[in-house]
Amino acid sequence: MNLSKHFGLVILCLLTFGISAIFSLNSDGLSLLALKSAVSSDPSEFLSSWSELDSSPCHWNGITCDHNQKVTSISLSKKNLTGYIPSEIGALSSLSILSLSYNNFSKPIPIHLFYATSLHSLDLSNNAFTGFLPPQITSLANLNHLDVSANSLNGSLPEDLTDLTRLTGTLNLSYNRFSGGVPASYGEFPVTLSLDLRHNNLTGKIPSVGSLLNQGPTAFSGNPFLCGFPLDTPCAEPEAQKPSVLPNLENPNDGFVEKGKSGNGSVAVSLISGVSVVIGVVFVSVWVLRKKWKLDEGKMGKEKLEKAPEGNEEGQKGKYVVLDERFVMELEDLLRASAYVVGKSRSGIVYKVVAGGGGGGRAAVVAVRRLSEGDATWRFKEFETEVEAIGKVQHPNVVRLRAYYYASDEKLLVTDFIRNGSLHNALHGGLGNSLPPLSWAARLKIAQDTALGLMHIHECSPRKYVHGNIKSSKVLLDDELQAYISGFGLTRLVSGSSKPINSSTKKLSTSQIIASPKNSTSSCMMYAAPEARVPGSKFTQKSDIYSFGIVLLEILTGRLPDGGSEDDGKGLESLVRKVFRQERPLSEIIDPALLNEVHAKKQVVAAFHIALNCTELDPELRPRMRTVSDNLDRIKLQ
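Residues numbered from 1 in each chain as written. Predicted model: local features only at pLDDT ≥ 70, side-chain atom pairs only at ≥ 80, totals over all residues. Heavy atoms only, no water.

By the naming in an unreviewed UniProt entry, the protein chain goes by Protein kinase domain-containing protein and is assigned to Anisodus acutangulus. Comment text from UniProt for the protein chain, heading Subcellular location (unreviewed entry), reads "Membrane". (UniProt positions renumbered as here; feature names shortened; annotations may be inferred.)

Here we come to helix α11 (residues 541–557). Here α11 contains 17 residues, and its C-alpha end-to-end distance of 24 Å stays within 8% of the 24 Å for a straight helix at 1.5 Å per residue. Of all 17 residues in α11, 15 are buried; the element is thus mostly enclosed. Looking at the residues trailing α11, positive phi occurs at G558, about 70°. (Helix = DSSP H or I, 4+ residues; strand = E, 2+ residues; numbered from the N terminus. Expected span 1.5 Å × (residues − 1). Buried < 20%, exposed > 50% of the residue type's maximum accessible area, 1.4 Å probe, protein only.)

To continue, consider the packing of aromatic side chains. Evaluation of the coordinates by the stated rule reveals 7 aromatic pairs. Residues F383 and Y404 carry aromatic rings whose centres are separated by 5.9 Å and whose planes lie at 65° to one another, so their mutual orientation is edge-to-face. With F383 in helix α6 (residues 380–391) and Y404 in strand β20 (residues 401–407), this pair connects stretches of sequence that are 21 residues apart. Among the aromatic residues, those joined into a cluster by ring pairs are F380, F383, Y404 and Y406. (Phe/Tyr/Trp six-rings, centres within 6.5 Å; stacked < 30°, edge-to-face > 60°.)

The next subject is the sheet that holds strand β9 (residues 145–147). Strands in a sheet are paired, the pairing made by backbone hydrogen bonds, and the direction either parallel or antiparallel. In spatial order, the strands read β2-β3-β5-β7-β9-β11-β13; together these 7 strands make up an open sheet with mixed pairing. If you trace the sheet from one side to the other, it starts and ends with β2 (63–65) and β13 (194–196), each paired once. Pairs of neighbouring strands in the sheet enclose a mean axial angle of 10°, with direction left out of account. (Pairing = 2+ DSSP bridges. Axes fitted to C-alpha atoms, helices over the stretch in contact; angles between N-to-C directions.)

Side chains of E159, D160, D163 and E188 sit close together on the surface and give a patch of like negative charge. Looking at the element boundaries, D163 is found in the loop between β10 (152–156) and β11 (170–172). On the accessibility criterion, D163 (48% relative accessible area) is partly exposed. (Patch = residues over 30% accessible without salt bridge, like charges linked within 9 Å, V, L, I, M, F, W, Y side chains within 5 Å. Areas by Shrake-Rupley, 256 points an atom, 1.4 Å probe, with all protein chains shown as cover. Salt bridge = Lys/Arg side-chain N within 4 Å of Asp/Glu carboxyl O. Lys, Arg positive; Asp, Glu negative; His and termini not counted. Charge placed at Lys NZ, Arg CZ, Asp CG, Glu CD.)

Moving on, we come to helix α14 (residues 625–635). Restricting attention to buried positions, one finds in α14 the residues M625, V628, S629, L632 and I635. One side of α14 carries all its buried residues, which in axial view fall inside an arc of 110°. As for α14, its buried residues are in contact with α8 (440–459), α11 and α13 (601–614). (Arc of directions from axis to C-beta. Contact = heavy atoms within 4.5 Å.)

Turning our eyes to something else, we now look at the pattern of salt bridges. Counted under the stated rule, the structure contains 16 salt bridges. One salt bridge connects D479 with R419, and the closest N-O pair in it is separated by 3.1 Å. Linking D479 in the loop between β22 (475–477) and β23 (483–485) with R419 in the loop between β21 (410–416) and α7 (423–428), this pair joins segments that are 60 residues apart in sequence. Accessibility expressed as a relative area gives 47% for D479, which makes it partly exposed.

Here we come to the sheet that holds strand β15 (residues 225–227). Here we have 8 strands laid out as an open sheet, ordered β1-β4-β6-β8-β10-β12-β14-β15, and mixed in their pairing. Taken across any chain shown, the strands that pair with only one partner, and hence form the sheet edges, are β1 (39–41) and β15. Two strands pair when backbone bridges link them, and strand β12 (residues 177–180) and strand β14 (residues 201–205) are joined in this way by 2 bridges, in the parallel orientation. By the bridge assignment, S179 is partnered in β14 with N201. Helix α2 (residues 27–38) rests against β1, β4 (82–83) and β6 (104–108) of the sheet, and its axis sits at about 35° to β1.

Okay, here's the thing in structure tokens:
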């Protein structure tokens, strides 16, 4: 009896000790132990440090806590774990980051996971999750990054995801089995969101609404039954509108408008005419989808180009050339990147391209311009000579050309991306402009920077380079409001009147940039010097100086170059001269945002005189750009 009694006491003590040990672990630790129990395979024993004997999970592998010992992050990526997510994870009230990517988690995503309402980053990509994406996900009001790509999720895309108002980073639903259409509500997502719906079973027309119009085709590729902008696949016309003709059974590709056919052009024109300037038509992956496998294997990247066999036009299969050895972005990086349309002009469409940044790494951001062909036809060697000459023009106030891509039907320029938009938007407002009114000090510095950049373009080579299209939209601003001249060389590359260079004219010279009646009208035409407005005339450095003078007047007055209703159609330059000639108050023409800066009145007047000198009607009376730059620098000494 005594023996059995003692044995019972021992068992009771052991049980009591075990229970007290378990209950000494805080509630977050117990939830994590539920996750450990749900993992059936942990080949690297990464979770071996997760012990019920601890009082806190904060030193466990992959776990981060705050000062209150509450779990804020679970990072178990690439640990070869097999299992499922238990509902208990939803009890982690302070959890802000959950990363389970590149494992073998399966089963449906539990609804209770979305009780963890502090989550701002959820990465379940590259697993084997099945079932629907639960609508309860909209309870994650703080969610900024959602990546469930490369799973086996199905059902329709949740329309209410736009209720996640802080979802401004990433929404990656690619490589799943989602079906149905793209919800029109997705147009309510901010333009900055990296949206990826590739390689699902989505069908129908992509809604032409909101931010969906700003997505490049990379967001939608791999869905064979999706159609419409920005894909190259046009949507079928309604039956009532179709002509009564039999389908072309001999051409299985009928119904797809091939590149170069007139149908493609008409679709693009009608779309572009109906939307704002930020709308584009195609991006890098359009051309990669058509000819990705035609690229010369092993010849992409930084290597120098080899001479093509005799009779074969070099570059016709596509060549990607890096001009700056410090630039590490390969062509494949561009093709996998997220893209956003940020501008469109006669020279082509400009995309902001964000590559990398997954898994906490720093994303690389560049600008990619898809050149308009115009009427110019460039052979590879001629294009190479032209572009590499552009790439050699390097200055702190000139946008740097980093790489280019050439194919017979596609030409891309890769440059630095300047974050704060254009001077035009800073002065007049525009999409995405968040800058307060520019102070006089900021405007003067921008004018000085721009003058330095243009002076370098004019003087860096004995060939007397010309920009040919100076205007406020070509002056870009970074976070510190440093100015960068963009678009150097584009006038030649896309000018309808320019002839490709040959052995006798291999230079970007004043005689090679020809004015075209296609240049622009109204406000844009007012940047051009009077002598350059005549079709067929040559742009010169003196016409660049006139254009700079108009930009300087724009900085001082805050008005567009057409001058508004007061100039009788003669432009801003004529209006300012009239005010000075009649000795009217400066307040009539100065930007109202500068009126309170009385201390700067003498500097503003001096800048007006510099601008008027630059815009003399007689080109011979205009100063050189070095003189203009020196005069602007003297202003700050007054």
